[in-house]
Amino acid sequence: MRITNLDPLPFNLLFERFLNIERVSLPDIDVDFCERRRTRVIRHMADTYGEDSVSQIAAFGTMKAKAVIHDVGRALGMSFQDRASIAKLVPANDPKIHIRDVFAASEELQRRYASEPLIKKLIDVSEKLEGLTRQASMHAAGLVVSDGPMTDYLPLFRGRHGEQVTQFDGPMVEQTGLVKFDFLGLKTMTLIQDTLDNISLEGKEPPNLDTLPFTDQATYDLYSRGDTDGVFQVESSGMRQYLRMLKPSCFEDVIAMLALYRPGPLGSGMVDEFIRRKHGEVPVVYPHESLEECLRDTYGVIVYQEQVMQIAQIIAGYTLGGADLLRRAMGKKKAEAMAQQRSVFVQGAAKKGIGEEKANEIFDLMEKFAAYGFNKSHSAAYAQISYYTAYLKEHYTSEFMAALMTSEMGNQDKLLKYISCCKDRGVEVLAPSVNYSHRAFTSHGGKIVFGLGGIKNVGDEAIQEIVSARKDGEYVSLFDLCTRVNLRKVTKRVLEALVKGGAFDCTGASRQALLCCLDQVVEKAQKKAKSGAQTGSLFSLAPQMKVVQEKLPGVGINIPDAALEEFADDVKLQNEKEALGFYLTSHPLQPFTQQIQRLRGMTLESLQEAGGGAEVHSAVLVTSVREVLTKARGQRMAFAQLEDLTGHAEVTFFPKAYTEEVQALLQSDTPLWIDGTIDPKSQEETEQQAEQDMDENGEGQAPLREIKILGSRVRTLAEVCQTNMEPVLVTIPPDRLDAQSVASLKRILENHAGPVPCEAQVLLDGEYWYHLALPPELSVTPGPELDRAVQAWARPG
């Protein structure tokens, strides 16, 4: 039927799970499309079945606890602060909570209700309005089709942009008997298409994904390494951990992992049991010998709803339609229905020669796993998309990463993470360029060119103007660009952002010179445009005097007092971060990379999976600090935003830890070393939100967590490097073992003498590592200076 592109036969995907003669309700048809093309699909449906027979579906927003308090408070004339003081008592991570539950749990709310008439009225009215429909909107994906005019079945209204929308919501639409489709715009489908387009632009033949076999070992190695940044459904830290344990070796393993990585199976120990059975650590056993074929791919563990149906068919002679009704009854846990089904199951098993005790044992096992079982057809279809993204990442890395970064262009945290991933894989991300960049990130010769759309304050109109005008040749200077583009679209603000982001570095001028001359360049370009517009006037007949001036390279005009030298590194990097949202060409922590490894520093990204109360020891940069006074005693405390090479976090310093020394360090621009613990509250909120998300959409993809740290101590990273006595490890290349080279290394170590012991390692015969403890007189002072000197020595010339 091509509802998905996956052949159901090799993977035992049962059509009866989708539709069978005993099923009363029609199934939903969910299809994922490239985000950019979803509107074309809806247009196709209207053209095929008729405008009056296709409609989008309404969604009704209701007044939930927190929102109704704000709405009623606004109607009562309360200030935002007064409304917020009550609304904040409603937990943000529980959308199903009611005002009466909040009232019962909050002594503060009870006290204010009793003592403040306005608060009493606010709560009383809010309780009466809670749960009522607040507004009608349009479902993000739903579409309904009828065999005649839609108004024969249900009422309609016009959406904000003139769309035809049902006045019934999804469940009510189903009751009319119409077929409902979910047409989802899935970002990953856009990512795949953009990757294939990038491959074509590089002059390569893109793979035909429809015929791609699921047998590529390199792709399974990528899963097994947990190198899954950007790979559909398996990007979270927890999933990576299980992939490294599982080491998938076939497509069935990927299907199973997507089905198992959900709160129920994780909490029950099913995942660990599955992994142990795969690796032969525990024997694979089957509930009955006749079930071996059905459960072989999952090592005897019941993972899928389809397996529950097959077991009922094999053991008790159910039809697959009847087995689907059994599965539904097990999922709903209705005692009366279950007792009736158990009787039918035991009787059916007896007809196949299976005793009552064994039949009841199998039924109990099915009942246990039915609560966790996942739809294999859904998991297999998503596993296919996951495999495509993993395959493309492994075999077309730069093209895939360019498309991935384009898909996350507005998310600075994700961009920073993926740029770090590129560096780990040896893929260079080049700075943006007015001569080579397009709006999107692009792949060129195995490198990635930063997209102009990733620069703040540079809009699509400006980008189109820049890209269009350079068809006549590359821009040789800032002035050259300004004379060739429409300066009403490429404004001074846009040009400043381009300079700070490094997009004019290709002209050869320093960023300081370009910013210094920007006003004069724009002014002269505007004058030139005006004079060009006056061609043919009386003024153009007058003889023109040619004034020869030496032009500044890359700037394009002459300004005698312009500062030609480049900004200091810290100013240049700060400007770059202002334009891009992060450091690209370098980072203040970059020189400390080896030292952070020596100190066993934790990356902020790695803290995503750390439990509440877990210790934190990380090298970071402070990006902002907010001081507040405690309500009780008026003591100062602070919230600081942190970043490293992998992500962002927030640290809280309570008054006891917020000493004058900590205050000074947080206000400095120097790299710091933070000690603390994960805030248990943020961990609980994240777990509840992730569980809720996975329960709602069944996709097992936890969101990026906001990391919150409770700080206990801060020091400069340089100080920690120099005082931590963990030995410094120097790697000696095999070709640098001659006496002269070793003597040169010894001089480097002596020039950086200090208290920290030094060790060396060397790889010989391409197989054996030799580890050497160097004498005490070669102890060193660790830091970026020593690391740079040793790296230069190891790679002479």
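Residues numbered from 1 in each chain as written. Predicted model: local features only at pLDDT ≥ 70, side-chain atom pairs only at ≥ 80, totals over all residues. Heavy atoms only, no water.

**Here's the deal with the sheet that holds strand β11 (residues 636–643)**
Each strand in a sheet pairs with another by means of backbone hydrogen bonds, the pair being arranged parallel or else antiparallel. The condition is simple: Strand pairing follows a simple DSSP-based rule, namely that at least 2 bridges must link the two strands. A helix here means a DSSP run of H or I that spans at least four residues, while a strand means a run of E at least two residues long, and both kinds are numbered starting from the N terminus. Helix axes use the C-alpha atoms of the stretch in contact, all axes being lines fitted to C-alpha atoms, and the angles between their N-to-C directions lie in the range 0 to 180 degrees.
Judged by pairing direction, the barrel is mixed, and its 5 strands sit side by side in the order β10-β11-β12-β14-β13 before closing back on the first. For this sheet, the mean inter-axis angle between neighbouring strands, taken without regard to orientation, is 55°. Pairing analysis gives 7 bridges linking strand β13 (residues 672–678) to strand β14 (residues 708–716), with the strands arranged antiparallel. Across the sheet, residue T677 finds its bridge partner in β14, namely L710.

**As for a nonpolar patch on the surface**
Applied cut-off: Patch membership needs two things, relative accessible area over 30% and no salt bridge, and members are linked within 9 Å if like-charged or within 5 Å if nonpolar (Val, Leu, Ile, Met, Phe, Trp, Tyr). Computed with the Shrake-Rupley method and a 1.4 Å probe, the accessible areas treat only the protein chains shown as cover for residues. Any carboxyl oxygen of Asp or Glu within 4 Å of a side-chain nitrogen of Lys or Arg constitutes a salt bridge here.
On the surface, a nonpolar cluster with roughly 320 Å² of combined accessible area is contributed by F15, L19, L26 and V179. Looking at the element boundaries, L19 is found in the segment before β1 (29–34).

**Concerning the pattern of salt bridges**
When the charged atoms of two side chains lie near each other, side chains of opposite charge can form a pair. The cut-off we apply is this: With a 1.4 Å probe rolled over the protein chains alone, any residue whose accessible area is under 20% of its type maximum counts as buried; one over 50% counts as exposed, and the rest are partly exposed.
Tallied over the entire structure, the rule returns 42 salt bridges. Here R425 ties to E394 by a salt bridge, and the two come within 3.7 Å at their closest N and O atoms. Of this pair, R425 sits in the loop between α21 (412–424) and β7 (429–430) while E394 sits in helix α19 (residues 376–395), and the two are 31 residues apart along the sequence. Look at E394 and you get partly exposed, because its relative accessible area is 22%. Notably, a salt bridge pairs R484 with D480, separated by 2.8 Å at the nearest N-O pair. Taken as a pair, R484 and D480 lie in helix α23 (residues 478–484) at a separation of 4 residues, close to a single helical turn. What makes D480 buried here is its relative accessible area of 16%. Put simply, R225, D227, K393, E394 and R425 are held in one network by salt bridges that share partners.

**Some thoughts on the nonpolar core**
Defined as follows: Here, the term nonpolar core denotes a set of buried Ala, Val, Leu, Ile, Met, Phe, Trp, Tyr and Cys residues that are joined through side-chain atoms within 4.5 Å. Throughout, a residue-residue contact means that at least one pair of heavy atoms, one from each residue, lies within 4.5 Å.
Of all hydrophobic cores here, the largest spans 132 residues; its most connected members are F345, I455, L495 and L498. Per-element tally for this core: the top contributor is α19, with 9 residues. In this structure, I455 is in contact with P432, F450, A497, L498, A503, A579 and L580, ignoring residues within four places of it in sequence. Membership of the second largest hydrophobic core comes to 23 residues, among which are L642, A649, L665 and I707.

**With respect to the sheet that holds strand β9 (residues 447–449)**
The strand order across the open sheet formed by 3 strands is β7-β9-β8, and the pairing between neighbours is mixed. A single partner strand is all that each edge strand has here, and the edge strands are β7 and β8 (442–444). Two elements, β8 and β9, share 3 bridges in a ladder whose sense is antiparallel. Within β9, the residue paired with H444 across the bridge is K447. Sheet strands in contact with helix α20 (residues 397–407) are β7, β8 and β9, and its direction is about 25° off that of β9.

**Overview of the side chain of D679**
This is how the line gets drawn: By the counting scheme adopted, Arg and Lys are positive, Glu and Asp are negative, and His together with the chain ends is not counted.
Mapped onto the elements, D679 comes out in the loop between β13 and α29 (680–697). K708 provides the closest opposite charge to the buried, salt-bridge-free D679, at an N-O distance of 6.2 Å. Dropping the residues within four chain positions of it, D679 is found in contact with K708, I709 and L710.

**A short note on unusual backbone geometry**
Positive phi outside glycine occurs at N12, with the angle close to 55°. Secondary-structure assignment places N12 in the segment before β1. Residue classification places N12 among the partly exposed positions, given a relative accessible area of 41%. With a phi angle near 50°, K247 is a residue other than glycine that sits in the positive phi range. With respect to the helices and strands, K247 occurs in the loop between α10 (237–246) and α11 (251–260).

**A few points about the environment of P27**
Within the fold, P27 resides in the segment before β1. The sequence separation of P27 and E408 amounts to 381 residues, and the corresponding C-alpha distance is 33 Å. In contact with P27, other than residues within four places in its own chain, are F18, L19 and K180.

**Some thoughts on the packing of aromatic side chains**
Let me state the cut-off plainly: Classification of ring pairs uses Phe, Tyr and Trp, with its six-membered ring standing for Trp, and accepts pairs whose centres are within 6.5 Å; under 30 degrees between planes counts as stacked, over 60 as edge-to-face, and the remaining range as tilted.
Scanning all chains against the criterion turns up 19 aromatic pairs. Aromatic pair F33 and F183: ring centres 5.4 Å apart, planes at 85°, arrangement edge-to-face. In this pair, F33 sits in strand β1 while F183 sits in strand β6 (residues 179–186), placing the two residues 150 residues apart along the sequence. For F33, a relative accessible area of 22% corresponds to the partly exposed category.

**Points about the pairing of strand β12 (residues 648–653)**
Among the 6 residues of β12, 5 are classified as buried, and the element is accordingly described as predominantly covered. As paired strands, β11 and β12 are joined by 6 bridges and run antiparallel to one another. Paired with F639 across the bridge in β12 is T652. Where β11 folds back onto β12 in an antiparallel hairpin, the turn is made up of 4 residues. In the sheet, β12 pairs with β14 via 3 bridges, with the strands oriented parallel. Directly across from E650, in β14, lies its bridge partner K708.

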